[in-house]
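The residues making up each chain are set out below.
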Amino acid sequence: MLVDVNRKRNYLQIIDCQIHYKISIMSDSKVRVRFVTQHKAYAVSDAPFAVPYKLTRNGLSKVVNHLLNNVTADEEDEVGSGEVSFDFLVHNRLIRSSLDKVISSMKLSTEDIITVEYFPSISVSKESKSCDMPAWVGCMNTNLASDGLIVAGCYDGMVRLVDATEIVPLKMQTPGSKSSNNTVDSSITMSSRPQHEGPIKDICAFSHQSHYFVVSCGKDQRMKCFMSGKKNSGVSKGGVSRSVAPFREVASLCGHMSSVECLDVYSGGGDSLCLASGGYDGNVFGYQLLDACSGFASADGVAPSSKSTPGKKTKLNSGASSSSSLEVASLSPSFHVHAHAQVVSDLQLCCIGGSAEGPTSPTHMFTSSFDHSLKLWDLAHMDNISTFNTAKVVTSLHYSPVNKLILTSHTDDKIRLFDPNSKSVVAEDISHSNLNGSCVKTFGVAPSVNSKMPPQWVSQVRWHPTSANVFASVDYSGAVKLWDMRTLNVPLYTLKSAHEGKGLCIDWVCHSDTNASIVSGGSDCCVKSLGISDLDSLAEQEA
């Protein structure tokens, strides 16, 4: 009996020695890689190089900088201040761990030469801009960012404007004044009375016939449309805030009998202007705004003063307009559908399968709900053509016309990626999938077993307007995260303390083809902006 025990002990010692020997050999082994890039300024020889098997992204950057004779630091695994930081792709997956883990997870052979594509990393500003608001910032819209405007909806029922460049509150120009110095700080209507009797849940903005339009919705079951002249004085230069002519209410959109939770507008140039809204009771209403907004712009006269009371309401159909500049029109919906069993958390009008030039009217609509579902609707027949059941409550959605994919945020600290054109799983690295098997990928690291913190709600997620891979998110911990679709569970960048409370909304402001900002709002009554540059490197990889 003692002999058998000794034999077993010796056998286990031999096995243990073999394992340690293999680990030691593995740590000292190398793998052959070939570096390729689409950036000619950073091109190196395409001859295979033997690099350490456990090299990380910083280590690979060090190797490329050494080949470029651009080495200024002595650290083996850190990029020096004078060096260029690179990102690396292996089979279209960004490296965010050691090279051996990537090779193992992708089941690649170390006997083969592995092609590694590299490009300059995007740069994130170390300092963020911010401006204070009187109340929680629950929603924002950057459709007018090209004109320097960010529209924010606050929990005190006020709609406010923020300078898209300087991130400072904009000033309303006093009616009848031609000077930008004669301004006051107020809401968009220059009235101390809130636009809504409760929190503003969502907001959208657009321009039409040289006028700005803003549509807001809130807990008071109301949707309102405001209009302002587009040509305003005092354009922001040298850090001086511009002033904006005051908005005035021109229409009330009727139909909802409960809190209006979300809305979206689709502009097809001068041929179409559609709006859809979702309510707490699961109902979705649609409106045709083209004729109405054209009528408002044509009848635009002298704006009412800050002391004037709203005009009487005139009930109109979707295509009608009021004859007096002081009247508030009442617009009726053009369609209605009971979309979900619970609250409609988000929706988006879009075009799927249209012409290359793009359609003038939306062809489809996505809706999400607290009933754990994401739905795709055919607007021509008002049919629900696809339903994607998810594991958790859906808090927001965003469809990208660039890559034809849709992102959803959830209450379990996860972001899920869907392909509306596929009914099968198209990726092998799935963390979670829904009941229909149409979830392509899941982003977000689940909390550890010993963590006392519950999973944070991801409040909102937004694709970059022109990138096929980059998107941003904000959650209830106040963190703003920058993601790339080609990574798993590791964001490109995380600003943990973006907000001192809950992060509630997020969007993009594009300053140029290479520079952009992530703007967010939260329960700390602040609008924050995080600068992102060198996005051209990612764009070239997507081309």
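Counting from 1, residues in each chain are numbered in the order their sequence is written. Totals for whole chains, interfaces and linings use every residue, but because this is a predicted model, local features are given only for residues with pLDDT of at least 70 and side-chain atom pairs only at 80 or more, for both listing and counting. Derived side-chain values reflect all non-hydrogen atoms in the structure, with water molecules and hydrogen atoms excluded from consideration.

Participant: Before we go on, may I ask you to explain the environment of Leu-482 in this structure?
Facilitator: Among the secondary structure elements, Leu-482 is positioned in strand E34 (residues 480-484). It is 6.1 Å that separates the C-alpha atoms of Leu-482 and Phe-471, two residues lying eleven residues apart in sequence. Segments assigned H or I by DSSP are reported as helices when at least four residues long, segments assigned E as strands when at least two residues long, and all are numbered from the N terminus.

Participant: Explanation requested: the nonpolar core in the structure shown.
Facilitator: One broad rule of soluble globular proteins: the nonpolar side chains tend to lie buried together. Judged by nonpolar contacts, the single largest core of 25 residues is most densely connected at Phe-206, Met-223, Leu-253, Leu-275, Leu-289 and Phe-296. At four residues, helix H4 (residues 290-298) tops the list of elements feeding residues into this core. We define the nonpolar core as a collection of buried residues of types Ala, Val, Leu, Ile, Met, Phe, Trp, Tyr and Cys that are connected through side-chain atoms lying within 4.5 Å of one another. Exposure categories follow from relative accessible area, calculated using a 1.4 Å probe and restricted to protein chains: below 20% of the type maximum is buried, above 50% is exposed, and the middle band is partly exposed. Counting 21 residues, the second-largest nonpolar core is a separate cluster that includes Val-31, Phe-35, Val-44 and Leu-99.

Participant: Quick question: what am I supposed to make of the pattern of salt bridges here?
Facilitator: Two side chains carrying opposite charge are able to pair once their charged atoms lie near each other. For salt bridges, the criterion is a side-chain nitrogen of Lys or Arg within 4 Å of an Asp or Glu carboxyl oxygen. Counted under the stated rule, the structure contains eight salt bridges. Arg-57 is the salt-bridge partner of Asp-87, the closest N and O atoms lying 3.4 Å from each other. Of the two residues, Asp-87 sits in strand E3 (residues 86-90) while Arg-57 sits in helix H2 (residues 57-67), which places them 30 residues apart along the sequence. In this structure Asp-87 comes out as buried when scored by relative accessible area, which is 5%. The class of Arg-57 is partly exposed, set by a relative accessible area of 23%. We note a salt bridge from Lys-62 to Glu-83, for which the minimum N-O separation is 3.1 Å. A residue pair is termed long-range when its members are at least 10 positions apart, and Lys-62 in helix H2 and Glu-83 in the loop between H2 and E3 qualify at 21 residues. An identical accessibility class is assigned to Lys-62 and Glu-83; each is buried. Via salt bridges that share partners, Arg-57, Asp-87 and Arg-96 belong to a single interconnected network.

Participant: Just to check I follow, could you spell out the packing of aromatic side chains for this structure?
Facilitator: Between two aromatic rings, the relevant description is the distance of the centres plus the angle of the planes. Only centres within 6.5 Å qualify two rings of Phe, Tyr or Trp (six-membered ring in Trp) as a pair; their planes then separate them into stacked at under 30 degrees, edge-to-face at over 60, and tilted for everything else. Scanning all chains against the criterion turns up 14 aromatic pairs. An angle of 90° between the planes, with centres 5.4 Å apart, marks the rings of Phe-86 and Tyr-118 as edge-to-face. Of the two residues, Phe-86 is situated in strand E3 and Tyr-118 in strand E5 (residues 114-120); the sequence distance between them amounts to 32 residues. You'll find Phe-86 and Tyr-118 in the same group, each marked buried. Among the aromatic residues, those joined into a cluster by ring pairs are Phe-35, Tyr-42, Phe-49, Phe-86, Phe-88 and Tyr-118.

Participant: Even after reading the chapter, I still don't get the sheet that holds E5, so can you show me in this structure?
Facilitator: The pairing of strands in a sheet happens through backbone hydrogen bonds and is either parallel or antiparallel. In this description, strands pair whenever DSSP reports at least two bridges between them. The strand order E2-E1-E5-E3-E4 describes an open sheet built from five strands, whose pairing is mixed. Strand pairing shows two members of the sheet lacking a second neighbour, strand E2 (49-52) and strand E4 (93-94), which therefore form its edges. Across four bridges, the pairing between strand E1 (residues 30-36) and E2 is antiparallel. Bridge pairing in E2 places Val-33 opposite Phe-49. We call two residues contacting when some pair of their heavy atoms lies within 4.5 Å. Helix axes are fitted only over the stretch in contact, all axes being lines through C-alpha atoms; the angle between N-to-C directions runs from 0 to 180 degrees. Set on the sheet, H2 makes contact with E1, E2, E3 and E5; between it and E3 the angle comes to about 110°.

Participant: Is there a simple way to think about the sheet that holds strand E10 (residues 159-163) in this case?
Facilitator: Spatially, E8-E9-E10 is the arrangement adopted by the three strands of the open sheet, whose pairing is antiparallel. Each having just a single partner strand, strand E8 (137-141) and E10 make up the two edges of the open sheet. Averaged over all pairs of adjacent strands, the angle between strand axes in this sheet comes to 30°, irrespective of strand direction. Examined bridge by bridge, E8 and strand E9 (residues 149-154) share four bridges and lie antiparallel to one another. Note on E9: the bridge partner recorded for Met-140 is Ala-152.

Participant: Help me understand the side chain of Lys-528, please; the structure alone is not making it clear to me.
Facilitator: Mapped onto the secondary structure, Lys-528 falls in strand E38 (residues 526-533). Charge assignment: positive for Lys and Arg, negative for Asp and Glu; neither His nor the chain ends contribute. Buried charge without a salt bridge: Lys-528, with Asp-524 as the nearest opposite-charge side chain at an N-O distance of 4.3 Å. Counted as a polar contact is a pair of N or O atoms within 3.5 Å, where, for protein atoms, one must be capable of donating a hydrogen and the other of accepting one, and residues adjacent in sequence contribute only when both atoms are in side chains. One polar contact links the side chain of Lys-528 to the main-chain carbonyl oxygen of Ala-498, over a distance of 2.5 Å. Apart from residues lying up to four places away in sequence, Lys-528 is in contact with Lys-129, Ser-130, Ser-497, Ala-498, His-499, Ile-518, Val-519 and Ser-520.

Participant: Sorry, what's going on with the confidence of the model for the protein chain here?
Facilitator: In regions of low pLDDT, the predicted coordinates are not meant to be interpreted in detail. Mean pLDDT over the protein chain: 79, with 73% of residues reaching 70 or higher. Low pLDDT, under 50, characterises residues 233-241; the predicted model gives this stretch 16 contacts beyond four residues in sequence or across chains. With pLDDT under 50 throughout, residues 302-312 is counted as low confidence; its partners more than four residues away or in other chains account for twelve contacts. For every residue, the predictor reports its confidence as pLDDT, a number between 0 and 100.

Participant: Before we go on, may I ask you to explain unusual backbone geometry in this structure?
Facilitator: In terms of backbone geometry, most residues other than glycine have negative phi values and most peptide bonds are trans. Positive phi is not limited to glycine here, since Asn-92 has a value of about 65°. When you line up the elements, Asn-92 lands in the loop between E3 and E4. We classify Asn-92 as exposed; its relative accessible area is 54%. Despite not being glycine, Asp-413 has its phi angle at roughly 65°, a positive value. Relative to the elements of secondary structure, Asp-413 occurs in the loop between strand E29 (406-410) and strand E30 (415-418).

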